[in-house]
Amino acid sequence: MAEIDKGSRRAVAETQRERWIKYGGNVLLVSIVVVVLAAAAIYATERKPYRHDTTAAGLYSLKDQTLHLIKTNTQKIKIVSLYTKAKPGETVRVENGATPIDEAGVVSDLLDEYHSKGTNIEVETIDPVTNPGKVDDLIDEVSNKYGGEVSKYREFSDQVPKKFATIKELANGEAAKLKTLLESGNPGNTQSDFTHIAQSLRAIPRQLEQTEKRVQRALAQRPPDYKGVSDNVSKYMEDVSSEMGGIGEYLTGLKTDTKLSDAVQAYATSSAAQFATMKKAADDLVKQSKGLGELKLDALRDALAQKNPILVRGETEWKVVPYNKVWRFDDRDVRRAPANSSLHPRFAGEQMISTAILALNQPKKLKVAFVRAGGEPMASPQMMMTQRGPSFAGGQFSSIADRLRDYNYDVVDKDVTGMWAMQSQGQGPPEPSDAEIRDAVWVVFAFPTGENPQGGPPPGVSAKLMEHLANGGSALILNDPRGENMTNTLKDWGVEVRRDALCVHELIKGNGAETGMIEEAKKVPYIFEIKDWGNHVITNTMRSLPGVAVGTAPVIITPTKGVTATSIIPLPGEPTNPRCWGETDQESIRQPAGPKFDEGKDMAAPIFAGAAAERDKGRIVVVGTPMFFFPNIIDFPDPELAKRDIMALRFPGNGELFMNSIFWLSRQETMIAISPAAMDVSRLDVTPGAQKFWRVGVLLIGLPLLVLAAGAFMYFSRRD
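Because the structure is a prediction, the values reported are computed rather than measured.

A few points about the overall build of the protein
On a plain count of helices and strands, the protein comes out with 22 helices and 21 strands. Counting the 720 residues in the protein, one finds 45% classified as buried. Of all intrachain contacts in the protein linking residues separated by at least 6 positions in sequence, the fraction that spans at least 24 positions is 73%.

Shown next as structure tokens:
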């Protein structure tokens, strides 16, 4: 029986050839399947690529607010990058000793995000150096679509040579007739006048030729400088018209002068009409030039003349995002940077592109008015002439105002008392009228104003603010505990600023260890480091973003009918921090022992430094101190990062609070928290070489070879 079993096994045993076919076929089949799957995976990922941002701050992925903006976009938008790529082996830009940055690649990556995640958004990358033909196509397309009255300007430019030829022919004819007359000796007393007229006529053809050359140079530009053509022609034709008109009047007067020879009278009679024809031809060109309408190509020409611009095109308008707005080296960063340090630019591509898209969807420019009761302007420095020469005054909040201008806001200063106009004697630019800021978001400064120079109570802004809010206006109100009392203005909104109290925490004593400047400052009772900004649309995106509160009054809310109010900026207190309260005995803050909580007098935690309220059509944001937005706080660089050559903000939350408040007040919630990140972080750079390695080396070659190697191993291990 054993023999039979043994024979049976031999009878069914596989031969070497059979095993080779069986296992070799399996290996080949698996290899083919792997290659097909790899190719399918590559095709699927490249058709709809998945991108993952590895930066801690999400610099290269779109913020939620941007995603909302572009997903709800209704008009067709095309974003065109005109960045010049670095040549192989060429060093990408290095500025101020900073690490080289592939700017064109970074912008291209960002544009891909807009395309893949937006609605009705197309993107294109054009290298002006390697693809000048595409630039020409772009110019033609933009010129035809947005150029305004391009066809009229083009038609005008086409008519210029013909009109010039008419004037030239008439001028040459009259010059020849005058030459004959002058050589005849008949002009008599008009000899000198006719000589000057002849000189003017001979000069006209030369000047027309020079003007034509300027016209041709303007038309040869890309895009054609039609406005330059119009301006050049109009300016010269005005001179021709004036000159020909004067000569025509002179000749008309000679026609009836019996003292002149018959030859002179005959010339005056026959030529007056010719000079009138030249004047009319010149007048027609001037009139046509001034009636051509708006031309928008100058903005495109200026954009193409810039280094590395981005063009954001809508259906009826376009915006240009300049290079220096995308890659920012702030002057303050340069001044504060340690000697021989390397500065890294702040990438603001998302901020600027999203702002451009918002502007295209909302053509009306929004306005913010920095409103004060006397004193120097807040939003921008004003030049004034003094005995020592020009000087700049004001502008204490010009840094934060510049951020608003970056977001396409129109920023103005307004003194509601009119005292600054008298003090400056009208040397600065005029401030807007009350009517001009009616629709603006107000930033109100409740600073101490001092005495009224005209007698009576100190000037204030409360009455104007109350009127503004009653008419459905919105305002960011910066309360100063020592400044104007806003109680009556805010009570209808359910908001109160405790002017009798100052937010403090227990005195923090040092342990003898050496600490930095900021750590020492945080020990001061009225200085708080903030990382929790509260639960409101203004502050939700700012979680864990560091900020600081200095010398703020507590802000409380009271439930009020018709008002939705929310406390913001909770100050850190028990149980994880030193005790926090609203101190009413502010003299105790200066005592060596520090302030002590008095349960009967002081305001107990929780303590908030701000509030946001909404009713009817109006909105307000109230903060307990204007120092939240002082430039020495919002622009303060992080000293630890500065040691590593990174000029980042130490308290970015303060600036974000201001911007988010303005966005909310102007009902631009989609713009909240899309500003550039506050610190420079590394990015995982996936280069084309790395992509080729993973795509070809690993997926198409590595995996099949691995399968073949495994099959070969199994084949030889089972071989008899």
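What to know about unusual backbone geometry
Most peptide bonds are trans, and most residues other than glycine sit at a negative phi. Of note, the amide linkage connecting A605 to P606 takes the cis form, showing an omega dihedral of 5 degrees. Considering the arrangement of structural elements, one finds P606 in the loop between β19 (580-583) and β20 (608-615). Positive phi outside glycine occurs at D616, with the angle close to 50 degrees.

Observations concerning the pattern of salt bridges
Across all of its chains, the model carries 24 salt bridges by this definition. A salt bridge links K522 to E529; the shortest N-O distance between them is 2.7 Å. With a shortest N-O distance of 3.1 Å, E614 and R619 are connected by a salt bridge. Its relative accessible area of 7% is what places R619 among the buried residues. Overlapping salt bridges bring together E519, K522, E529 and R650 as one network.

Here's the deal with the side chain of S354
Among the secondary structure elements, S354 is positioned in helix α13 (residues 349-361). Polar contacts involving the side chain of S354 include one to the side chain of Y114, which spans 2.7 Å.

A look at the confidence of the model for the protein
Per-chain confidence: the protein averages 79 in pLDDT, with 76% of residues scoring 70 or above. For the stretch residues 384-393, pLDDT sits under 50, and the model shows 21 contacts to residues farther than four places along the chain or on other chains. Ignoring residues within four places in sequence, the model shows residues 677-688, a span with pLDDT below 50, making 23 contacts including any to other chains.

Comments concerning the pairing of strand β10 (residues 410-415)
β10 sits mainly inside the fold: five of its six residues count as buried. Here strand β7 (residues 367-372) runs beside β10; their pairing, made up of six bridges, is parallel. Counted as the bridge partner of F370 is D413 from β10.

Some thoughts on the side chain of E529
Along the chain, the position of E529 falls in strand β15 (residues 527-530). A distance of 2.7 Å separates a polar atom in the side chain of E529 from a polar atom in the side chain of K522.

Examining a nonpolar patch on the surface
A surface patch of nonpolar side chains, amounting to about 280 Å² of accessible area, comprises L28, I32 and V36. Inspection of the secondary structure puts V36 in helix α2 (residues 16-47).

Quick notes on the sheet that holds β7
Think of a sheet as strands paired side by side through backbone hydrogen bonds, with each pair either parallel or antiparallel. Within the open sheet, the seven strands sit side by side as β10-β7-β11-β12-β21-β20-β18. Their pairing is mixed. Among the strands making up the open sheet, the edge pair consists of β10 and β18 (564-570). For this sheet, the mean angle separating the axes of adjacent strands, direction not counted, is 15 degrees. Packing against the sheet, helix α16 (residues 462-470) makes contact with β11 (441-446), β12 (474-479) and β21 (618-623), and its axis sits at approximately 150 degrees to β12. Packed on one face of the sheet, helix α21 (residues 652-665) meets β7, β11, β12, β18, β20 and β21 and runs near 165 degrees to β21.

Things to note about the packing of helix α6 (residues 150-184) against helix α9 (residues 262-290)
Their axes nearest at 10 Å, the elements α6 and α9 cross at an angle of 165 degrees. Considered as vectors, α6 and α9 are oriented roughly antiparallel to each other. In this structure, α6 meets α9 at a crossing whose hand is left-handed. Per-class residue counts for the contact of α6 with α9 are 15 nonpolar, seven polar and four charged.

Brief notes about empty space enclosed by the protein
In this approach a probe as big as a water molecule rolls over the atoms, and the regions it shows empty are the leftover space. As enumerated under the stated definition, the model contains five cavities of 30 Å³ or more in all. Here the largest cavity defines a volume of roughly 120 Å³. Together, 13 residues line the largest cavity, and L358, Q362, L366, Y407 and N408 are the ones closest to its centre. Here the lining of the largest cavity takes three residues from α13, the largest share from any one element.

Let's talk about α16
Inspection of α16 places S462, L465, H468 and L469 among the buried residues, and these make up the whole buried set. The buried residues of α16 all sit within an arc of 125 degrees when viewed along its axis, so they share a single face. The outward face of α16, more than 90 degrees from its buried face, is lined by the exposed residues A463 and A470. Packed against the buried residues of α16 are β11, β12, α17 (487-490) and β21.

A short note on the state of the cysteines
Using the criterion set out here, one finds zero disulfides in the structure. Its sulfur unpaired, C503 is 6.1 Å from the next cysteine sulfur, which belongs to C580. What makes C580 buried here is its relative accessible area of 3%.

Things to note about the pairing of strand β4 (residues 318-321)
Bridge count for strand β3 (residues 310-313) against β4 is four bridges, and the pairing is antiparallel. Counted as the bridge partner of R313 is W318 from β4. In sequence, β3 turns back onto β4 through a hairpin of four residues.

Describing the nonpolar core
The tendency in soluble globular proteins is for nonpolar side chains to be buried as a group. Counting 76 residues, the largest nonpolar core has I79, I357, F370 and F658 as the members making the most contacts within it. The dominant element in this core, judged by the number of residues it contributes, is α21, at seven residues. In this structure, F658 is in contact with F370, I400, L404, V443, L476 and F629, ignoring residues within four places of it in sequence. Formed by 55 residues, the second largest nonpolar core is a distinct cluster that contains V135, F275, A281 and L300.

Examining the environment of K365
Relative to the helices and strands, K365 resides in the loop between α13 and β7. For the pair K365 and Y407, spaced 42 residues apart in sequence, the C-alpha separation works out to 9.9 Å. Apart from the residues within four sequence positions on either side, K365 is in contact with N408, Y409 and D410.

Section: the environment of P430
Here P430 lies in the loop between α15 (419-424) and β11. Judged by its relative accessible area of 80%, P430 falls in the exposed class. Once the C-alpha coordinates of P430 and K414 are considered, the two residues, 16 residues apart in sequence, prove to be 9.4 Å apart.

Thoughts on the packing of aromatic side chains
One pass over the structure, following the stated rule, counts 14 aromatic pairs. Taking the centre distance of 4.9 Å and the plane angle of 80 degrees together, the rings of Y407 and F663 count as edge-to-face. Within this pair, whereas Y407 is found in the loop between α14 (398-406) and β10, its partner F663 is found in helix α21, the two being separated by 256 residues in sequence. Y407 sits in the buried class, given a relative accessible area of 7%.

Description of the sheet that holds β4
Taken together, four strands build an open sheet; the order of strands is β2-β1-β3-β4 and the sheet is mixed. Two strands lie at the open edges of the sheet, namely β2 (121-125) and β4, each paired on one side alone. Averaged over all adjacent pairs, the angle separating strand axes in this sheet is 15 degrees, with direction ignored. Across four bridges, the pairing between strand β1 (residues 77-81) and β3 is antiparallel. Across the sheet, the residue bridging to I79 is V312, located in β3. Sitting on the sheet, α13 is in contact with β1, β2, β3 and β4, with an inclination near 165 degrees to β4.

Cut-off values and rules
Residues numbered from 1 in each chain as written. Predicted model: local features only at pLDDT ≥ 70, side-chain atom pairs only at ≥ 80, totals over all residues. Heavy atoms only, no water. Helix = DSSP H or I, 4+ residues; strand = E, 2+ residues; numbered from the N terminus. Buried < 20%, exposed > 50% of the residue type's maximum accessible area, 1.4 Å probe, protein only. Contact = heavy atoms within 4.5 Å. Salt bridge = Lys/Arg side-chain N within 4 Å of Asp/Glu carboxyl O. Polar contact = N/O pair within 3.5 Å; in protein donor to acceptor, adjacent residues only side chain to side chain. pLDDT = per-residue confidence, 0-100. Pairing = 2+ DSSP bridges. Patch = residues over 30% accessible without salt bridge, like charges linked within 9 Å, V, L, I, M, F, W, Y side chains within 5 Å. Areas by Shrake-Rupley, 256 points an atom, 1.4 Å probe, with all protein chains shown as cover. Axes fitted to C-alpha atoms, helices over the stretch in contact; angles between N-to-C directions. Parallel < 35°, antiparallel > 145°, perpendicular 65-115°, else oblique. Left-handed = near helix turned anticlockwise from the far one by under 90°. Nonpolar A, V, L, I, M, F, W, Y, C, P; charged D, E, K, R; others polar. 1 Å grid on protein atoms, 1.4 Å probe; cavity = no way out; pocket = protein on both sides within 12 Å on 5 of 7 lines; lining within 4 Å. Points joined across faces, edges and corners; volume = space filled by probe spheres on them. Arc of directions from axis to C-beta. Disulfide = S-S within 2.5 Å. Core = buried A, V, L, I, M, F, W, Y, C linked by side-chain atoms within 4.5 Å. Phe/Tyr/Trp six-rings, centres within 6.5 Å; stacked < 30°, edge-to-face > 60°.

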